[in-house]
Amino acid sequence: MKTEFEARFLAVNVAAVLDKLKARSAVCTMPRTLMRRIVFSNDDIQARRGWLRLRDQGDKTVLTYKQVVADTAAIDSILEAEVQVGDFDATRVLLEAMGFTAQRYQENYREEWHLDGVTFDLDTWPDLPTFLEVEGPDEAAVHNAAEGLGLAFEEASFGSVDEVYLAVLNRDILAEPELTFA
């Protein structure tokens, strides 16, 4: 498994971020796309503070195992391993047949940009303003990429999106079986 180095910036001007990315010759690798995901679990991976995420990203489907490795959210507090799979629905059936429980279905929109080995994701989730996630090969790359966009790294947040819902809306999406735009 690899450490995920990712920082989230909630209060961003999306148009300004896009202008800066374009001015720095970033490449849009995924236009705004609806992402569908199902979060799965079982007793074993819950005991390790982990979960499985099956995500339809429009042009591909990815199965990811994520595991929290720190008690407080930090830029490097999540490990992940992922593999591309061929079919969202067939993979769901397979996971359920193996004893995993589908806990939540969630949707969001994502636009993805790349520059110098760093990924910039503009994410829109139901009832939240669009925010920016910056992911890179290490903490320094993420810090430098954010700084290059004029973002204050000390304003970054870390961890999973459920923490954003708690912080911004005082809403526990972990208790919601479905989170959609409908």
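This structure is a prediction, so every number in the text was calculated from the model and none was measured.

The rules we used
Residues numbered from 1 in each chain as written. Predicted model: local features only at pLDDT ≥ 70, side-chain atom pairs only at ≥ 80, totals over all residues. Heavy atoms only, no water. Helix = DSSP H or I, 4+ residues; strand = E, 2+ residues; numbered from the N terminus. Buried < 20%, exposed > 50% of the residue type's maximum accessible area, 1.4 Å probe, protein only. Lys, Arg positive; Asp, Glu negative; His and termini not counted. Salt bridge = Lys/Arg side-chain N within 4 Å of Asp/Glu carboxyl O. Contact = heavy atoms within 4.5 Å. UniProt positions renumbered as here; feature names shortened; annotations may be inferred. Pairing = 2+ DSSP bridges. Patch = residues over 30% accessible without salt bridge, like charges linked within 9 Å, V, L, I, M, F, W, Y side chains within 5 Å. Areas by Shrake-Rupley, 256 points an atom, 1.4 Å probe, with all protein chains shown as cover. Core = buried A, V, L, I, M, F, W, Y, C linked by side-chain atoms within 4.5 Å. Phe/Tyr/Trp six-rings, centres within 6.5 Å; stacked < 30°, edge-to-face > 60°.

(A) Geometry of the side chain of R53. When you line up the elements, R53 lands in strand β3 (residues 50-56). For the buried R53, no salt bridge is present, and the opposite-charge side chain at shortest range is E82, 4.1 Å distant. Other than its neighbours up to four places away in sequence, R53 contacts R37, I38, V62, L63, T64, K66 and E82.

(B) Quick look at the UniProt feature "domain: CYTH" (unreviewed entry) in the protein. Look at the UniProt record and you will see "domain: CYTH" (unreviewed entry) annotated at residues 2-171. As annotated, residues 2-171 comprises 26% helix and 44% strand, and the C-alpha atoms at either end are separated by 30 Å.

(C) Highlighting the pairing of strand β8 (residues 131-136). The element β8 is largely enclosed, with a buried count of six among its six residues. Burial of β8 is two-sided: the residues F131, E133 and E135 facing one way and the residues L132, V134 and G136 facing the other way are all buried. With five bridges connecting them, strand β1 (residues 2-9) and β8 associate as antiparallel partners. Residue E6 lies in a different strand from β8, and its bridge partner there is E135. Here five bridges tie strand β7 (residues 118-124) to β8, and the two strands are oriented antiparallel to one another. Bridging across to β8, T119 finds its partner in E135. Linking two consecutive strands that pair antiparallel, namely β7 and β8, is a turn of six residues; a positive phi of about 70° is found at D127 within it.

(D) Structural detail: a nonpolar patch on the surface. On the surface, L10, V168 and L169 cluster together into a nonpolar patch covering about 200 Å² of accessible area. Position of V168 relative to the elements: it lies in helix α5 (residues 161-169).

(E) Focus on the nonpolar core. Counting residues in each nonpolar core, the largest one holds 25 residues, and the members touching the most others are F9, F120, L132, V134 and F153. Mapped onto this core, the elements with two or more residues apiece are β1, α1 (14-23), β6 (101-115), β7, β8 and α4 (139-148). Per-element accounting of this core gives the leading share, four residues, to α4. Look past the residues within four positions of F153 in its chain and what remains in contact with it is A7, F9, I75, V142, H143, A146 and F158.

(F) Summary view of the packing of aromatic side chains. Taken as a whole and assessed by the stated rule, the structure comprises four aromatic pairs. Measuring from centroid to centroid gives 6.5 Å for W125 and Y165, while their planes differ by 80°, and the two rings are edge-to-face. Taken together, the positions of W125 in the loop between β7 and β8 and Y165 in helix α5 put the pair 40 residues apart, joining distant regions of the chain. Residues W125 and Y165 agree in their burial class; the two are buried. Here a set of aromatic residues connected by ring pairs shows up, and it is made of F9, F153 and F158.

(G) Broad picture of the pairing of strand β4 (residues 61-68). Where burial is concerned, most of β4 is hidden: seven out of the eight residues are buried. Here β3 pairs with β4 via seven bridges, running antiparallel. The residue bridging R53 from the neighbouring strand is T64, located in β4. Between β3 and β4, which pair antiparallel one after the other, the connecting turn spans four residues, and G58 there sits at a positive phi close to 90°.

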